[in-house]
Amino acid sequence: MARDEPQEDGLAGAVLTDGRILHDVTAFSSRVAGPATWCEFLARQLMRGSAVGPDGRTLDVVIGTPLYVAMSDEIHEA
């Protein structure tokens, strides 16, 4: 199956496309609550693209799987 062909999600029956996945990631990340945690990481890129965020801005989105993650000792001012 080609990457940009729609796939049916067996859980909810929704059709998944790259655009839908990128949109869902931006919607989820806009609702994540909690303190910022600074870390160092190395990740393998799984998908990259653009999506329109909840505020209407176009966002560059990268989805990856972590290979290495460590808390940073650096202090970052908000």
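Rules used throughout
Within any chain, residue numbers begin from 1 and follow the written order of that chain's sequence. For a predicted model such as this one, the threshold for reporting local features is a pLDDT of at least 70, and the threshold for listing and counting side-chain atom pairs is 80 or more; totals across whole chains, interfaces and linings nevertheless cover every residue. As a rule here, side-chain values come from all non-hydrogen atoms in the structure, and water together with hydrogens is ignored. Helix numbers and strand numbers start at the N terminus; a helix is a DSSP run of H or I with at least 4 residues, a strand a run of E with at least 2. The contact definition used throughout considers only heavy atoms, calling two residues in contact when any of these lie within 4.5 Å. Per-residue accessibility takes into account occlusion by the displayed protein chains alone, with areas from the Shrake-Rupley method and a 1.4 Å probe. The criterion for strand pairing is that DSSP finds at least two bridges linking the strands in question. Here, a salt bridge means any Lys or Arg side-chain nitrogen found within 4 Å of an Asp or Glu carboxyl oxygen. Burial status follows relative accessibility: with a 1.4 Å probe on protein chains alone, a residue under 20% of its type maximum counts as buried, one over 50% as exposed, and anything between as partly exposed. Polar contact criterion, stated in full: a pair of N or O atoms within 3.5 Å, where within protein one must be able to donate a hydrogen and the other to accept it, and residues adjacent in sequence count only if both atoms are side-chain atoms.

## Quick look at the overall build of the protein chain
Moving on, step 1. For the protein chain, the helix and strand inventory stands at one helix and four strands.
Moving on, step 2. Across the protein chain, helices and strands are ordered from the amino to the carboxyl terminus as β-β-α-β-β.
Moving on, step 3. For the protein chain, contacts bridging at least 24 residues in sequence account for 49% of all contacts bridging at least 6.
Moving on, step 4. Looking at the protein chain as shown, the accessible area adds up to about 6600 Å², and 56% of this sits on carbon and sulfur atoms.

## Let's talk about the pairing of strand β4 (residues 58-71)
Both faces of the sheet carry side chains from a regular strand, because those side chains alternate between them.
Moving on, step 1. In the sheet, strand β3 (residues 39-52) pairs with β4 via 13 bridges, with the strands oriented antiparallel. Across the sheet, residue R48 finds its bridge partner in β4, namely V62.
Moving on, step 2. Between the antiparallel neighbours β3 and β4 lie five residues, among them G56 with a positive phi of about 90°.

## Some thoughts on the pattern of salt bridges
Two side chains bearing opposite charge may form a pair once their charged atoms approach each other closely.
Moving on, step 1. Applying the stated rule across the entire model yields two salt bridges.
Moving on, step 2. The closest approach of N and O atoms between D24 and R20, which form a salt bridge, is 3.0 Å. One end of the pair, D24, and the other, R20, are both in helix α1 (residues 18-31), four residues apart, so they sit about a helical turn from each other.
Moving on, step 3. Residue D24 is classed as partly exposed on the basis of its relative accessible area of 32%.
Moving on, step 4. Residue R20 is classed as partly exposed on the basis of its relative accessible area, which comes to 44%.
Moving on, step 5. Between D55 and R57 there is a salt bridge, with the nearest N and O atoms lying 2.7 Å from each other.
Moving on, step 6. Of the residues examined, R57 reaches a relative accessible area of 52% and is grouped as exposed.

## Let's talk about the environment of R48
Moving on, step 1. Mapped onto the secondary structure, R48 falls in strand β3.
Moving on, step 2. Relative accessible area serves as the criterion here: at 56%, R48 is assigned to the exposed category.
Moving on, step 3. Taking the C-alpha atoms as reference points, R48 and D60, twelve residues apart in sequence, are found 7.5 Å from one another.
Moving on, step 4. Ignoring anything within four residues of it in the chain, the contact list for R48 reads V61 and V62.
Moving on, step 5. One polar contact links R48 to Q45, side chain to side chain, over a distance of 3.1 Å.

Keep in mind these values describe shape, not function.
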